Amino acid sequence: MKPINAMKMEFLSKSANEGFARSVVAAFAASLDPTIDELADIKTAVSEAVTNCIVHAYRECIGKIYITAAIYEGGRLSIKIKDNGCGIDDVQKAMEPMYTTSPETERAGLGFSVMESFMDKLKVRSKPQKGTTVVMEKRINQRGLHNDARND
Amino acid sequence: MKLTLTQADKQLTALLVGDIDHHTAKQLREEIDEKIEQTTPELLVLDFGGVTFMDSSGIGLVMGRYNAMQQIGGSVKVVNTTAHIKKIMRLSGLERLVTLA
C-alpha cells in the first residue's frame, strides 16, 4: 500500500539525539491530529527504540540510527527504527518484561514492553553482528478534522 | 532538565522539570544520590509536577532511588504524575514499592 506521506532520517547514536528523534517523529505524526495521549504514546515508544540502539546496539561505539515513518489511509502510522549494531542473540528473551543486560546503568528492561503496550503492533527483526530493525504501528483515531497529510 | 532539591526535617524533595530519558536520567540520579548521602532523609519525595516527557528511564530512576532509600531505612513517595507517567509506572509494578500520589 502506498503511503499518503513519508519521511526518513538518520542520526548518530548519541544520547542527546533521543529527544531530537522523538520530537521529529511526533512532529511528523502531528498531521494525523493525534490526541495528547496518542502523541505521548508515540514519543515514548520512539524514545525506547532509539535508546535501545544507543545503549545496546552501539554500546561500544557511535553508529548511525535510521528512522523511516509513513502515514497510510485510515490514520495508520508506521515507524521503522533500524541500526547496524551488535544485534540481539535472543529476541524473545530481550522482549521479556524486566529482562535487561544493563542493570548497572539502571535500565529497567521495559523498553519493548512499553513499545508493545503503547503501540498497536510491534515487530523486531535482529541478526547478531548485523543489527536490529523495529517496526511499530499505531492507528490514530480520525476525528473528522482536516488532515494535512492528505493535501497534495 | 532541571532539578531542585529541598530539605526540610527528615524529608528530601526532588522537583523534576523537563524530559526524563536515558540522556537526562544519569545526571538526575547522581545529584539526588549525592544529596541522599549527605542528608540521610527518612522520606524522599520525587515531584513529577514539571515533567514534560518520561520513558522507561524514569522507572530506573525511581527504582534506583528506592534501593538507595532502602539502604538507609527510608522510603520513597512519587507525587504529581500525569496519567501518561502513571501508565508507564504501572507497567513496571512500581506502585508495589513506592507510594504513588
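Here the structure is a predicted model, which means the values were calculated and not measured. Here the residue numbering is sequential within each chain, running from 1 through the sequence in written order. Chain letters start at A and ligand numbers start at 1, both assigned in the order the entries are written. Local features are withheld for residues below a pLDDT of 70 in this predicted model, meaning they are given only at 70 or higher, and side-chain atom pairs are given and counted only at 80 or more; totals for whole chains, interfaces and linings count all residues.

A look at the sheet that holds strand β3 (residues 43-54) of chain B
Pairing between the strands of a sheet comes from backbone hydrogen bonds, and it takes one of two forms, parallel or antiparallel.
Residues and elements named next belong to chain B.
For step 1, the next point in the chain: Note on pairing: DSSP must find at least two bridges between two strands before they are called paired. Secondary structure elements follow DSSP: runs of H or I no shorter than four residues count as helices, runs of E no shorter than two count as strands, and numbering proceeds from the N terminus. With mixed pairing, 5 strands are arranged side by side in an open sheet as β1-β2-β3-β4-β5. Two strands close off the open sheet at either side, each with one partner strand: β1 (2-8) and β5 (99-100).
For step 2, the next point in the chain: In the sheet, β3 pairs with strand β4 (residues 75-79) via 5 bridges, with the strands oriented parallel. In the strand pairing of β4, Val45 is matched with Lys77.
For step 3, the next point in the chain: Contacts between helix α1 (residues 22-39) and the sheet are confined to β1, β2 (11-20) and β3, with β2 contributing the most and set at about 175° to the helix. Note that contacts rest on C-beta atoms placed from the backbone: two residues are in contact if these are within 7 Å. Axis lines are fitted to C-alpha atoms, over the contacting stretch for helices. Their N-to-C directions set the angle, which ranges from 0 to 180 degrees.

Digging into unusual backbone geometry
Phi is mostly negative for residues that are not glycine, and the peptide bonds are mostly trans.
Residue and element names in this part refer to chain A.
For step 1, the next point in the chain: Residues other than glycine seldom take positive phi values, yet Asp33 does so here, at roughly 55°.
For step 2, the next point in the chain: Despite not being glycine, Gln129 shows a phi value in the positive range, around 70°.
For step 3, the next point in the chain: For Gln129, the location among the structural elements is in the loop between β4 (121-127) and β5 (131-139).
For step 4, the next point in the chain: Labels follow a simple rule on C-beta atoms placed from the backbone: if 20 or more others lie within 10 Å of a residue's own, it is buried; if 12 or fewer, it is exposed; otherwise it is partly exposed. Taking the number of C-beta atoms within 10 Å as the measure of exposure, Gln129 has 8 and is therefore exposed.

Quick look at the confidence of the model for chain B
For step 1, the next point in the chain: Confidence of the predictor in every single residue is expressed as pLDDT, which spans 0 to 100. Predicted confidence across chain B gives a mean pLDDT of 95, with 100% of residues reaching 70 or more.
For step 2, the next point in the chain: The secondary structure element of chain B with the lowest average pLDDT is β5(B), at 86, and the one with the highest is β2(B), at 98.

Quick look at helix α4 (residues 111-118) of chain A
For step 1, the next point in the chain: α4(A) sits mainly inside the fold: 6 of its 8 residues count as buried.
For step 2, the next point in the chain: Among the residues of α4(A), those classed as buried are A:Gly111, A:Phe112, A:Ser113, A:Val114, A:Met115 and A:Phe118.
For step 3, the next point in the chain: As for α4(A), its buried residues are in contact with α2 (36-57), α3 (91-94), β4 and β5 of chain A together with α3 (83-92) of chain B.

A word on the environment of A:Arg76
All names here are of chain A.
For step 1, the next point in the chain: By secondary structure assignment, the location of Arg76 is in strand β3 (residues 76-83).
For step 2, the next point in the chain: Note on Arg76: 18 C-beta atoms within 10 Å, which makes it partly exposed.
For step 3, the next point in the chain: For the pair Arg76 and Ala29, spaced 47 residues apart in sequence, the C-alpha to C-alpha distance is 9.9 Å.

Some points on the interface of chain B and chain A
For step 1, the next point in the chain: On the side of chain A, 21 residues touch chain B, which itself brings 17 residues to the contact.
For step 2, the next point in the chain: Where the side of chain B that touches chain A is concerned, the elements lending two or more residues are α1, α2 (57-71) and α3 of chain B.
For step 3, the next point in the chain: No other element matches the 5 residues that α2(B) contributes to the side of chain B that touches chain A.
For step 4, the next point in the chain: Charged residues are taken to be Asp, Glu, Lys and Arg, nonpolar residues to be Ala, Val, Leu, Ile, Met, Phe, Trp, Tyr, Cys and Pro, and polar residues to be all remaining types, Gly included. Of the residues in the side of chain B that touches chain A, the class split is 6 nonpolar, 7 polar and 4 charged.

Quick notes on the pairing of β3(B)
All names here are of chain B.
For step 1, the next point in the chain: By the bridge criterion, 9 bridges tie β2 to β3 in an arrangement that is parallel. Its bridge partner lying in β3, Gly18 is registered against Val51.
For step 2, the next point in the chain: The definition of a right-handed crossover adopted here requires that, viewed with the strands pointing away, the path from the first strand over the helix to the second runs clockwise. Each parallel crossover has a hand, and the one from β2 via α1 to β3 is right-handed.
For step 3, the next point in the chain: In this region the chain leaves β3, passes through α2 and returns to the parallel neighbour β4; the handedness of that crossover is right-handed.

Describing the packing of α1(B) against α2(B)
Between two packed helices, both the angle of their axes relative to each other and the distance between the axes serve to describe the pair.
Residues and elements named next belong to chain B.
For step 1, the next point in the chain: The contact between α1 and α2 brings their axes to 10 Å, and the two run at 15°. Relative to α2, α1 is oriented roughly parallel. Remark: the crossing between α1 and α2 carries right-handed chirality. In this structure, α1 contributes His22, Ala25, Leu28, Arg29, Ile32, Asp33 and Ile36 to the contact, and α2 contributes Ser57, Gly60, Leu61, Gly64, Arg65, Ala68 and Met69. Here roughly perpendicular refers to angles of 65 to 115 degrees, roughly parallel to angles under 35, roughly antiparallel to angles over 145, and oblique to all remaining angles. Helix crossings fall into two classes, left-handed where the near helix is turned counterclockwise from the far one by less than a right angle and right-handed where it is turned clockwise.

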